Amino acid sequence: MTREITSDEMDEIEAFHATLHSLRVWDGPLPGFDVEAAPPEPVALFREWFLHAARAGQPEPHTMSLATVDGDGRPDVRILMLHEADGHGWHFASHATSAKGRQLAGHPDAALGFYWPAVARQVRIRGRVTACGPQESRADLAVRSRGALAAALTGRQSEVLGSVEELRRASEAAWERAGTEPDAPAPTWTRYVLDPAEVEFFQGDASRRHVRLRYRRTGDGSGWIRELLWP
């Protein structure tokens, strides 16, 4: 039996559609992208673009999407923070017992996505993820805030939560421990590194002549092939 939509619900639907179709992107001047001047490897260009986005006022440029697949091959995605980008790859961290941790253990191929609308730029990265050892994973927490340690000590990420009150009690206890025991162990906290096989840099263009430059590993993995893609 089909439920009748109320007038309030209809107003909300109409407001949603009106707002959705009124939105525009990239109204201001956009940066150029000289692909001929791009460096021979992608991490250097990523760092350059990251700094440019941050200086242009892009909020939280270090947030990114991480896409994984579960044991049934179903895709999953979430937003998390970048911890480093270097010659080893792109670094992030989570609990090994979380949904993403379990998925990466079973299927280590993953993808990252950055979107910086302030400068109409995207970076897409595909590769294989490896887990760092306990010493490096704990060191990851050592340079972060008390809140990050408290969250790691709270643990149980992705498990079913009984109530908001249960979370409050566990969080308060974890915050207290993080303050009195800054070196407290967080056994499941794991630093991960995505070693890229492909990295794409996308520069938006108001005329929809977007520039897409892809770096792709050579067959022997010793270098990079650069190629333009149709938008």
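This text gives an overview of the structure that appears in the document.

Calculation rules
- Residues numbered from 1 in each chain as written.
- Predicted model: local features only at pLDDT ≥ 70, side-chain atom pairs only at ≥ 80, totals over all residues.
- Heavy atoms only, no water.
- Helix = DSSP H or I, 4+ residues; strand = E, 2+ residues; numbered from the N terminus.
- Buried < 20%, exposed > 50% of the residue type's maximum accessible area, 1.4 Å probe, protein only.
- Polar contact = N/O pair within 3.5 Å; in protein donor to acceptor, adjacent residues only side chain to side chain.
- Contact = heavy atoms within 4.5 Å.
- Core = buried A, V, L, I, M, F, W, Y, C linked by side-chain atoms within 4.5 Å.
- Patch = residues over 30% accessible without salt bridge, like charges linked within 9 Å, V, L, I, M, F, W, Y side chains within 5 Å.
- Areas by Shrake-Rupley, 256 points an atom, 1.4 Å probe, with all protein chains shown as cover.
- Salt bridge = Lys/Arg side-chain N within 4 Å of Asp/Glu carboxyl O.
- Lys, Arg positive; Asp, Glu negative; His and termini not counted.
- Charge placed at Lys NZ, Arg CZ, Asp CG, Glu CD.
- Pairing = 2+ DSSP bridges.
- Phe/Tyr/Trp six-rings, centres within 6.5 Å; stacked < 30°, edge-to-face > 60°.
- Lys NZ or Arg CZ within 6 Å of the ring centre and 35° of its normal.

1. Section: the side chain of Ser94
Moving on, step 1. Looking at where Ser94 falls in the secondary structure, it is placed in strand 4 (residues 89-95).
Moving on, step 2. Of the residues examined, Ser94 reaches a relative accessible area of 1% and is grouped as buried.
Moving on, step 3. Side-chain polar atoms of Ser94 contact the side chain of Ser98, separated by 3.2 Å.
Moving on, step 4. Residues within four places of Ser94 in sequence aside, it is in contact with Lys100, Gln157, Thr188, Trp189, Thr190 and Tyr192.

2. Some details on unusual backbone geometry
Moving on, step 1. Phi at Ala120 is positive, roughly 55 degrees, even though this residue is not glycine.
Moving on, step 2. Looking at where Ala120 falls in the secondary structure, it is placed in the loop between strand 5 (109-116) and strand 6 (121-131).
Moving on, step 3. Residues other than glycine seldom take positive phi values, yet Arg156 does so here, at roughly 60 degrees.
Moving on, step 4. Tracing the chain through its elements places Arg156 in the loop between helix 5 (146-154) and helix 6 (164-180).

3. Topic: the nonpolar core
Moving on, step 1. Of all hydrophobic cores here, the largest spans 31 residues; its most connected members are Phe46, Trp90, Phe114, Val123 and Phe201.
Moving on, step 2. Of all the secondary-structure elements, those providing two or more residues to this core are helix 2 (42-55), strand 1 (63-69), strand 4, strand 5, strand 6, strand 7 (189-203) and strand 8 (211-217).
Moving on, step 3. Once residues within four sequence positions are removed from consideration, Phe114 is found in contact with Phe46, Pro61, His62, Thr63, Met64, Leu82, Trp90, Arg121, Gln122, Val123 and Ile125.
Moving on, step 4. Core analysis: the second largest hydrophobic core is formed by 12 residues, Leu141, Leu153, Ala174 and Ala184 among them.

4. Topic: a negative patch on the surface
Moving on, step 1. Together, Asp8, Asp11, Glu12 and Glu14 make up a negatively charged patch on the protein surface.
Moving on, step 2. Following the sequence through the fold, Glu14 ends up in helix 1 (residues 7-22).
Moving on, step 3. Overall, the relative accessible area of 47% leaves Glu14 in the partly exposed class.

5. Here's the deal with the pattern of salt bridges
Moving on, step 1. Applying the stated criterion across every chain yields a total of 17 salt bridges.
Moving on, step 2. Where Glu200 meets Arg124, a salt bridge forms, and the shortest distance between an N and an O atom there is 2.6 Å. On the criterion of sequence distance, the pair formed by Glu200 in strand 7 and Arg124 in strand 6 is long-range, its members being 76 residues apart.
Moving on, step 3. Residue Glu200 is classed as buried on the basis of its relative accessible area of 5%.
Moving on, step 4. A salt bridge links Glu172 to Arg168; the shortest N-O distance between them is 2.7 Å. Within this pair, Glu172 and its partner Arg168 are both found in helix 6, separated by four residues, close to a single helical turn.

6. Quick notes on the pairing of strand 1
Moving on, step 1. Judged by which residues are buried, strand 1 turns out to be one-sided: Met64, Leu66 and Thr68 face inward and are buried, whereas Thr63, Ser65, Ala67 and Val69, on the alternate face, are not.
Moving on, step 2. Across seven bridges, strand 1 lies against strand 2 (residues 75-81) in antiparallel orientation. Looking at strand 2, one finds that Val69 is bridged to Pro75.
Moving on, step 3. Between the end of strand 1 and the start of strand 2, which pair antiparallel, lie five residues, with Gly73 showing a positive phi angle near 80 degrees.
Moving on, step 4. Alignment of strand 1 against strand 5, held across three bridges, turns out to be antiparallel. Within strand 5, the position partnered with Ala67 by the bridge is Ala111.

7. Concerning the packing of aromatic side chains
Moving on, step 1. Within the structure shown, the criterion is met by 12 aromatic pairs.
Moving on, step 2. An angle of 45 degrees between the planes, with centres 5.9 Å apart, marks the rings of Phe46 and Trp116 as tilted. Of this pair, Phe46 sits in helix 2 while Trp116 sits in strand 5; the two residues are 70 residues apart in sequence, bridging distant segments of the chain.
Moving on, step 3. Take Phe46: its relative accessible area is 2%, and that puts it in the buried class.
Moving on, step 4. Taking the centre distance of 5.8 Å and the plane angle of 45 degrees together, the rings of Phe114 and Trp116 count as tilted.
Moving on, step 5. Among the aromatic residues, ring-to-ring pairing joins Phe33, Trp49, Phe201, Tyr215 and Trp224 into one connected group.
Moving on, step 6. It is Arg121 that lies over the ring of Trp49; its NZ or CZ is 4.0 Å from the centre.

Shape descriptors only; they carry no functional weight alone.
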